[in-house]
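Letter by letter, the chains look like this.
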Amino acid sequence: MKYYFYYDSPIGRMLLVGTQGVLEELYFPNSTEKKQVPAEWLKDEAVFEEALRQLNEYFAGERQEFSLQLAPAGTPFQQQVWQELRKIPFGGTACYQTIAERLGKPRACRAVGMANGKNPLPIIIPCHRIIGKNGKLTGFGGGLAVKQQLLDLERGLAVSPA
């Protein structure tokens, strides 16, 4: 059985999707991929109690890493990229090239970018920490303004509500 819940975060209303005790997807309010909630899914805040607690702590500046049961669906390569994204420290950034090199595939920058864009659990798997090789912000499913807000939050700067 799939469950969902809408979370009113400082960056806007986010959609959480998963099964009992396992978070599978998280969508930004102005995500490039609009998620329609199927009628058979059940709305249940209690299923996401731990995820909501940790997200609240993150947005309050009290949490730097998430410890949740996750089940992001993706190819083996995507899973490898997402594991590397989780190694980027809170407040830090990396570029596609760095991730490709860490995977031992230095020519796979474009594939890393595609995998990053398919991340079903943004914030939890911190794809917002990926910036361009030139140090500038690059595309982001939640929009560049949200990406900047998340990076500012992690750098200890105030985040204004969406």
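These remarks concern the structure in this document. (Residues numbered from 1 in each chain as written. Predicted model: local features only at pLDDT ≥ 70, side-chain atom pairs only at ≥ 80, totals over all residues. Heavy atoms only, no water.)

We now examine the sheet that holds strand β4 (residues 42-43). Each strand in a sheet pairs with another by means of backbone hydrogen bonds, the pair being arranged parallel or else antiparallel. The sheet built from four strands is open, its strands ordered β3-β2-β1-β4 with mixed pairing. Two strands bound the open sheet, and with one partner strand each, they are β3 (22-27) and β4. Sheet topology note: the strand β2 (residues 12-19)/β3 ladder contains five bridges and is antiparallel. Paired with Leu 16 across the strands is Leu 26, a residue of β3. Across the sheet, helix α1 (residues 49-59) lies against β1 (3-9), β2 and β3, angled at about 20 degrees from β1, the strand it touches most. (Pairing = 2+ DSSP bridges. Helix = DSSP H or I, 4+ residues; strand = E, 2+ residues; numbered from the N terminus. Contact = heavy atoms within 4.5 Å. Axes fitted to C-alpha atoms, helices over the stretch in contact; angles between N-to-C directions.)

As a rule of thumb, soluble globular proteins bury nonpolar side chains together. Ranked by size, the top nonpolar core spans 38 residues in total, and within it Leu 16, Leu 55, Phe 59, Leu 85, Ile 99, Ile 123 and Leu 150 carry the most contacts. Where this core is concerned, the elements lending two or more residues are β1, β2, β3, α1, α2 (76-85), α3 (96-102), α4 (109-117) and α5 (144-154). With five residues, the top contributor of residues to this core is α1. When neighbours within four sequence positions are excluded, Leu 16 is seen to be in contact with Tyr 3, Tyr 4, Phe 5, Tyr 7, Leu 23, Glu 25, Leu 26, Phe 48, Ala 51, Leu 52 and Leu 55. Listed in part, the five residues of the second largest apolar core include Tyr 4, Val 17, Tyr 27 and Trp 41. (Core = buried A, V, L, I, M, F, W, Y, C linked by side-chain atoms within 4.5 Å. Buried < 20%, exposed > 50% of the residue type's maximum accessible area, 1.4 Å probe, protein only.)

Below, the discussion takes up the packing of aromatic side chains. Per the stated rule, a full pass over the model turns up six aromatic pairs. Ring centres of Tyr 58 and Phe 59 lie 5.3 Å apart, and the angle between their planes is 75 degrees; on these two criteria the pair is classed as edge-to-face. What makes Phe 59 buried here is its relative accessible area of 12%. With 6.3 Å between their ring centres and 85 degrees between their planes, Tyr 58 and Phe 90 make a pair best called edge-to-face. Separated by 32 residues along the polypeptide, Tyr 58 in helix α1 and Phe 90 in the loop between α2 and α3 bring together distant segments of the chain. A relative accessible area of 22% means that Phe 90 is categorised as partly exposed. Here the aromatic cluster, defined as three or more aromatic residues joined through ring pairs, consists of Tyr 7, Tyr 58, Phe 59, Phe 66 and Phe 90. (Phe/Tyr/Trp six-rings, centres within 6.5 Å; stacked < 30°, edge-to-face > 60°.)

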